[in-house]
Amino acid sequence: MSNAVKDVGERLMAFLPNLRRFAISLCGSRDVADDLVQSACERALASAERFEPGTRFDAWIFRILRNLWIDQVRRQKTAGVQDDITERHDIAGSSGERETEARLTLKTVAEAITELPNEQREVVLLVCVEELSYREAADVMGIPIGTVMSRLARARRSLAEAAGITQATGRSQSMKGANE
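Numbers given to residues run from 1 along each chain, matching the order in which its sequence is written. Owing to the predicted nature of the model, reporting of local features is limited to residues with pLDDT of at least 70; listing and counting of side-chain atom pairs is limited to 80 or more, with chain, interface and lining totals taken over all residues. To get the side-chain values, all heavy atoms of the structure are used, and hydrogens and water are removed first.

S.K.: Got a minute to help me understand the packing of aromatic side chains in this structure?
M.R.: Here the distance between the centres and the angle between the planes together describe a pair of aromatic rings. Centres within 6.5 Å are what make two rings of Phe, Tyr or Trp a pair, Trp counting through its six-membered ring; a difference in plane orientation under 30 degrees is then read as stacked, over 60 as edge-to-face, and the rest as tilted. What the rule picks out here adds up to six aromatic pairs. Here phenylalanine 57 and tryptophan 60 contribute two aromatic rings whose centre-to-centre distance is 5.9 Å and whose plane-to-plane angle is 45 degrees, an arrangement assigned as tilted. With a gap of three residues between them, phenylalanine 57 and tryptophan 60 both fall in helix α3 (residues 57-79), about one helical turn apart. Neither phenylalanine 57 nor tryptophan 60 differs from the other in exposure class; each is buried. A connected cluster of aromatic rings, assembled from ring pairs, spans Phe15, Phe22, Phe51, Phe57, Trp60 and Phe62. The secondary structure listing takes helices from DSSP runs of H or I that are at least 4 residues long and strands from runs of E that are at least 2 residues long, numbered from the N terminus. Residue burial is assigned from relative accessible area. The probe radius is 1.4 Å, only protein chains are included, and a residue is buried under 20% of its type maximum, exposed over 50%, and partly exposed in between.

S.K.: In this structure, what is going on with the packing of helix α5 (residues 118-129) against helix α7 (residues 145-163)? I would like to understand it.
M.R.: For any two helices packed against each other, one specifies the inter-axial angle together with the distance between the axes. Here an angle of 0 to 180 degrees is reported between the N-to-C directions of two axes, which are lines fitted to C-alpha atoms, with helices fitted over the stretch in contact. For the pair α5 and α7, the least separation of the axes is 9 Å and the interaxial angle reads 95 degrees. Regarding the angle of α5 to α7, the classification is roughly perpendicular. Residues Glu119, Gln120, Val123, Val124, Val127 and Cys128 of α5 lie in contact with α7, whose contacting residues are Val148, Arg151, Leu152, Arg154, Ala155, Arg156, Ser158 and Leu159. Roughly parallel covers angles under 35 degrees, roughly antiparallel covers those over 145, roughly perpendicular covers 65 to 115, and oblique covers all other angles. For this analysis, residues touch if any pair of their heavy atoms sits within 4.5 Å.

S.K.: Looking at this structure, I do not really get the environment of alanine 44. What am I missing?
M.R.: Turning to its location among the elements, alanine 44 is positioned in helix α2 (residues 30-46). Take alanine 44: its relative accessible area is 0%, and that puts it in the buried class. Taking the C-alpha atoms as reference points, alanine 44 and tryptophan 60, separated by 16 residues in sequence, lie 8.7 Å from one another. Apart from the residues within four sequence positions on either side, alanine 44 is in contact with Val8, Leu12, Trp60, Ile61 and Ile64.

S.K.: Quick question: what am I supposed to make of the pattern of salt bridges here?
M.R.: Between side chains of opposite charge, a pair can form when the charged atoms approach closely. Counted as salt bridges are all cases of a side-chain nitrogen of Lys or Arg within 4 Å of a carboxyl oxygen of Asp or Glu. Evaluation of the coordinates by the stated rule reveals five salt bridges. Among the ionic pairs, lysine 107 bridges to glutamate 111, the shortest N-O distance being 3.9 Å. Placement of the pair is lysine 107 and glutamate 111 together in helix α4 (residues 97-115), with a separation of four residues, close to one helical turn. Taking the relative accessible area as the measure of exposure, lysine 107 reaches 52% and is therefore exposed. Assessed through its relative accessible area of 41%, glutamate 111 is described here as partly exposed.

S.K.: What exactly am I supposed to notice about the nonpolar core here?
M.R.: As a rule of thumb, nonpolar side chains are buried together in soluble globular proteins. Core analysis: the largest hydrophobic core is formed by 21 residues, its most contacted members being Val8, Leu12, Leu19, Phe57 and Ile61. Of all the secondary structure elements, the ones that give two or more residues to this core are α1 (3-27), α2 and α3. A per-element tally of this core places α3 first, with seven residues. Ignoring sequence-local partners within four residues, the contact set of leucine 12 consists of Leu19, Cys41, Ala44, Leu45, Phe57 and Ile61. Core analysis: the second largest hydrophobic core is formed by 18 residues, Val127, Ala138, Val148 and Leu159 among them. Buried Ala, Val, Leu, Ile, Met, Phe, Trp, Tyr and Cys residues that are joined via side-chain atoms within 4.5 Å together make up what is termed a nonpolar core.

S.K.: I tried to follow the packing of α5 against helix α6 (residues 134-141) on my own but got confused; where do I start?
M.R.: Running from N to C, α5 and α6 point in directions that differ by 135 degrees, and their axes come no closer than 10 Å. Considering their axes alone, α5 and α6 lie oblique with respect to each other. For the pair α5 and α6, the crossing hand works out as right-handed. Facing Glu119, Glu122, Val123, Leu126 and Val127 of α5, the residues of α6 in contact are Tyr134, Ala137, Val140 and Met141. Looking at the contact of α5 with α6 residue by residue, the classes come out as seven nonpolar, no polar and two charged. For a crossing to be left-handed, the near helix must be turned anticlockwise from the far one by less than a right angle; the clockwise case is right-handed. When residues are grouped by polarity, Ala, Val, Leu, Ile, Met, Phe, Trp, Tyr, Cys and Pro land in nonpolar, Asp, Glu, Lys and Arg in charged, and all others, Gly among them, in polar.

What follows is the structure, encoded as structure tokens:
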């Protein structure tokens, strides 16, 4: 550490109460003032070599702090109005809990799909992912449509069980493409 940095650091420590008081008078907020003082101290230490011994330290550090404040005010003007989101109770948001649960369920289902027997996995991918009708899936696989439906039913039951999803007891009123 150079002598200039050490000297400026010692002077800063002694001058902090005055610097903070000036910062509060500029911005009117203790929190913003503390951030401003910290930035001014960082800037002063980084440019300690520029401080000329024999000149007024208080004028030098006040100028640094004031220039930082002016820069911050200019940035705020160009950025527009900024609201503290914690103070806004009229904004709807989500905690992310549902999204996280959905991702975990999706991961569980994806893993369960890889563990299905090949014939069930093929039917699930053709009907549910590729959106083929039962008839089209039966044609692709060269099996009867009833076999497609039974394999799909068993696959869906296995996937629901793996994901902890309870199935409705009633049967679906429509069968995807079964009447085609």
